[in-house]
Amino acid sequence: VTRFSSYFLLFVFLIVLLILLGSGTYFYRSQFLSKKNTVNTVTLLENNSNCNLQNDLCSLEFSTGEKISFEISPRPIYANQKQKAILKIQHSDWTPESIDFSSEDMGYNRPAFKKIKENVYEADFSLDSCAFDEIKWRTLILLHTKENKRIGIPFYIFVRKE
Amino acid sequence: MKRLIDRLYRDALCYRILLATIVFFLSGIGYIECQNEIEIAPTPLGGDFTLQSKSGKYSLNQSNGKVVLIYFGFTSCPVVCPTTLSNIAQAFKALNSDELKQVQALFISIDPERDTLDKLQKYSSYFHSQILTLTGSIKDLKNATSLYGASFRKVKVPSGMEYTMDHTTSVFIVDQKGKWVDTISHGATSAEFKKAIHKVLGDKN
């Protein structure tokens, strides 16, 4: 009887442990994923190019067939200067939304794309300067897929004061 | 011997269940962490704030009925602030008298340490009478800037100034109902400010 009860207790303990850990996992995942599903979540696409927007127009081709070309003018890109970003898309059902410029403590800067003609979009913006001579900006092209998933293509640029 | 085998079997079963549970839990975390996803800053929504003016407390909603241009800066700002204020002033001068009654600019100093309300009033008088100057505590200023996605910070510099202020250089346009409707990037000309004002006046008139 003692042996049976000790097995039974062990069995109950393991079942309770399993339920606790399982529900904990479910809770953690659901909480985390529900936050991820907000409008501020972006799925990053890899950008393996070494292209520098300070010097060139950057073209990328993705494994799923989409092609983009992106440039900022005038070049070189200086802080506190009116700039225009031009995005061209080919073989894609992506819809450009905006460009998210971010750098530490530099505030919100997310100019929206305007459609200029078929597959060509533009955005006007200016990048702020600070006490440092140069700022590294993450330039994230934000787009929506056909399934309304928000995706981002990252570039990094160093911008100086003129 | 049988008891030992039983015990070993029981322990092995126990460890297997425990291991399976841990793997299940870790796979849940792993699934989440492996997603190539990032969070970006939420879009600021604008809104009302209260700061100090020369004539007492001032809330943005006191300007309801007018198109308001909000600019964060400081009087020791060497180039960016005077250029922007000058362009806003030129745009105001290009408006007719009826239009001018319907606009207001707010120059909000994010350098309350140096910019007293007297100093601010004198500074804005160089530009235009429709430019109201405000400032406040760092906490109130942080609140106001965060509503519009703007930022500022004090930065020590090795000069007679001792410090300067980094700040957002955009101008935020708020409509007659207090709703933030447009952002004008630094570098906009007076004609572009006038066009942006007309757009809001035209939308609501």
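Above this text sits the structure in question.
Residues numbered from 1 in each chain as written. Chains lettered and ligands numbered in written order. Predicted model: local features only at pLDDT ≥ 70, side-chain atom pairs only at ≥ 80, totals over all residues. Heavy atoms only, no water.

### Side note on the nonpolar core
When a protein is soluble and globular, its nonpolar side chains tend to lie buried together.
Next up, step 1: The biggest cluster of nonpolar side chains holds 50 residues, and the ones touching the most others in it are Phe 49, Leu 69, Ile 70, Leu 106 and Ile 108 of chain B.
Next up, step 2: It is helix α2 (residues 80-93) of chain B that contributes the most residues to this core, 7 residues altogether.
Next up, step 3: If sequence neighbours within four positions are ignored, Leu 69 of chain B has contacts with Ile 88, Phe 92, Gln 104, Ala 105, Leu 106, Val 171, Phe 172, Ile 173, Phe 193 and Ile 197 of chain B.
Next up, step 4: The next biggest cluster of nonpolar side chains, apart from the first, holds 32 residues, and it includes Leu 60, Ala 85, Phe 113 and Ile 151 of chain A. (Core = buried A, V, L, I, M, F, W, Y, C linked by side-chain atoms within 4.5 Å. Buried < 20%, exposed > 50% of the residue type's maximum accessible area, 1.4 Å probe, protein only. Helix = DSSP H or I, 4+ residues; strand = E, 2+ residues; numbered from the N terminus. Contact = heavy atoms within 4.5 Å.)

### Considering the side chain of Glu 122 of chain A
Residues and elements named next belong to chain A.
Next up, step 1: Looking at the secondary structure, you find Glu 122 in strand β7 (residues 120-125).
Next up, step 2: Engagement of the side chain of Glu 122 in a polar contact is seen with the side chain of Lys 84, the distance being 3.3 Å.
Next up, step 3: Residues contacting Glu 122, with those up to four places away along its chain left out, are Lys 84, Ala 85, Ile 86, Ala 112, Phe 113, Lys 114 and Ile 116. (Polar contact = N/O pair within 3.5 Å; in protein donor to acceptor, adjacent residues only side chain to side chain.)

### Description of the side chain of Thr 168 of chain B
Next up, step 1: Secondary-structure assignment places Thr 168 of chain B in the loop between β8 (163-167) and β9 (171-174).
Next up, step 2: Look at Thr 168 of chain B and you get buried, because its relative accessible area is 4%.
Next up, step 3: Separated by 2.9 Å, the side chain of Thr 168 of chain B and the backbone nitrogen of Ser 151 of chain B make a polar contact.
Next up, step 4: Sequence-distant contacts of Thr 168 of chain B, that is, excluding residues within four places in its chain, are made with Met 106 and Asp 128 of chain A together with Phe 72, Ala 150 and Ser 151 of chain B.

### Concerning the sheet that holds strand β5 (residues 95-102) of chain A
Note: strands within a sheet are paired through backbone hydrogen bonds, in either parallel or antiparallel orientation.
Next up, step 1: Spatial strand order, β5(A)-β8(A)-β9(A)-β1(A)-β1(B): 5 strands in an open sheet with mixed pairing. For this open sheet the edge positions go to β5 of chain A together with β1 (37-39) of chain B, each flanked by a neighbour on one side alone. The mean inter-strand angle of the sheet, taken between neighbouring strand axes irrespective of direction, is 40 degrees.
Next up, step 2: As paired elements, strand β1 (residues 41-44) of chain A and strand β9 (residues 150-160) of chain A share 2 bridges and run parallel to each other. Across the sheet, Leu 44 of chain A pairs through a bridge with Gly 152 of chain A, a residue of β9 of chain A. (Pairing = 2+ DSSP bridges. Axes fitted to C-alpha atoms, helices over the stretch in contact; angles between N-to-C directions.)

### Section: a nonpolar patch on the surface
Residues and elements named next belong to chain A.
Next up, step 1: The grouping of Phe 4, Phe 8, Phe 11, Val 12, Ile 15, Val 16, Ile 19 and Leu 20 at the surface amounts to a nonpolar patch, some 810 Å² of accessible area in total.
Next up, step 2: Tracing the backbone shows Val 12 in helix α1 (residues 2-36).
Next up, step 3: Given a relative accessible area of 35%, Val 12 falls into the partly exposed group. (Patch = residues over 30% accessible without salt bridge, like charges linked within 9 Å, V, L, I, M, F, W, Y side chains within 5 Å. Areas by Shrake-Rupley, 256 points an atom, 1.4 Å probe, with all protein chains shown as cover. Salt bridge = Lys/Arg side-chain N within 4 Å of Asp/Glu carboxyl O.)

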